[in-house]
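Spelled out from the first residue to the last, the chains are:
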Amino acid sequence: MSTIVAKSSILLVLTFMLVFPSVSATRNPFEESKPCKRLVLYYHDTLFNGTDATNATSATVANITGLDREHKFGMLVVFNDPLTKDHHLLSPAVGKAQGFYFYDMKDDYTAWFAYTLVFNSSEHKGTLNIMGADLMYEKTRDLSVVGGTGDFFMARGICTFQTDTFQGDYYFRLKMDIKLYECY
């Protein structure tokens, strides 16, 4: 009697899986889609060098550790950097990048970023939150867009960094290609 019940149960489960295939654990492979919104902006960082407080947009708040001075391991920088639509520092700002980065490897130049793009212009209002690892030795690097407000409410996507210029320890410019795949 118990073998008849077991066989009937197995047959019922298999029939159920054939009739309702969505119940099975199969997923469609990821299909890359076109972004619902795209922005290309330039991020200008001018690190305070001890003498030029007027033009500085970022400052070191935790110094390099004694573990590795060459790759700035442990250095923490906070910033309030201008964003422009082109690579010119003196172009009109379309927003600000506000946050921090810190150098997180002892044997290579890499940093971890967490920041908010704050827009308050006629074109965009709101914020975008971006975070992730910046593997500086790569030509392009992807960071995650993890949310937003206003025009970018609950946005999700990718921010691709590309170093546009680097002038010693005190100025760099990043080209940010921001592709949003979830827009509400």
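Below you will find a few notes about this structure. (Residues numbered from 1 in each chain as written. Predicted model: local features only at pLDDT ≥ 70, side-chain atom pairs only at ≥ 80, totals over all residues. Heavy atoms only, no water.)

Each regular strand shows side chains that alternate between the opposite faces of the sheet. Alternating positions in strand β4 (residues 95-103) separate cleanly, G95, A97, G99, Y101 and Y103 being buried on one face and K96, Q98, F100 and F102 remaining unburied on the opposite face. Direction of pairing for strand β3 (residues 76-84) relative to β4: antiparallel, over a ladder of 8 bridges. Looking across to β4, one finds that V78 is bridged to F100. Taken together, β4 and the strand that follows it, strand β5 (residues 110-120), pair antiparallel across an intervening segment of 6 residues. (Buried < 20%, exposed > 50% of the residue type's maximum accessible area, 1.4 Å probe, protein only. Helix = DSSP H or I, 4+ residues; strand = E, 2+ residues; numbered from the N terminus. Pairing = 2+ DSSP bridges.)

This part is about the environment of Y184. Here Y184 shows up in the segment after β9 (171-182). Between the alpha carbons of Y184 and A155 there is a distance of 7.1 Å; along the sequence they are 29 residues apart. Those residues in contact with Y184 that lie beyond four places of it in its chain are F153 and M154. A distance of 3.3 Å separates polar atoms of two side chains, one belonging to Y184 and the other to E182. (Contact = heavy atoms within 4.5 Å. Polar contact = N/O pair within 3.5 Å; in protein donor to acceptor, adjacent residues only side chain to side chain.)

All right, on to the nonpolar core then. Counting residues in hydrophobic clusters, the biggest one holds 30 residues, and the most contacted among them are Y43, Y115, L117, L128, M176 and I178. At the level of secondary structure, the elements contributing two or more residues to this core comprise β1 (37-46), β3, β4, β5, β6 (125-135), β7 (140-150), β8 (156-167) and β9. In this view, L117 contacts L41, L83, K96, A97, G126, T127, L128, I130, M176 and I178; residues no more than four positions away in its chain are not counted. (Core = buried A, V, L, I, M, F, W, Y, C linked by side-chain atoms within 4.5 Å.)

Once that is clear, we can look at the state of the cysteines. According to the stated counting rule, one finds 1 disulfide in the structure shown. A disulfide bridge connects C36 with C183, and the sulfur atoms are separated by 2.0 Å. An S-S torsion of about 80° defines the bridge between C36 and C183 as right-handed. Residue C36 is located in the loop between α1 (2-19) and β1, and its partner C183 is located in the segment after β9; the two are separated by 147 residues in the primary sequence. C183 gets classed as partly exposed once you look at its relative accessible area, which sits at 33%. (Disulfide = S-S within 2.5 Å.)

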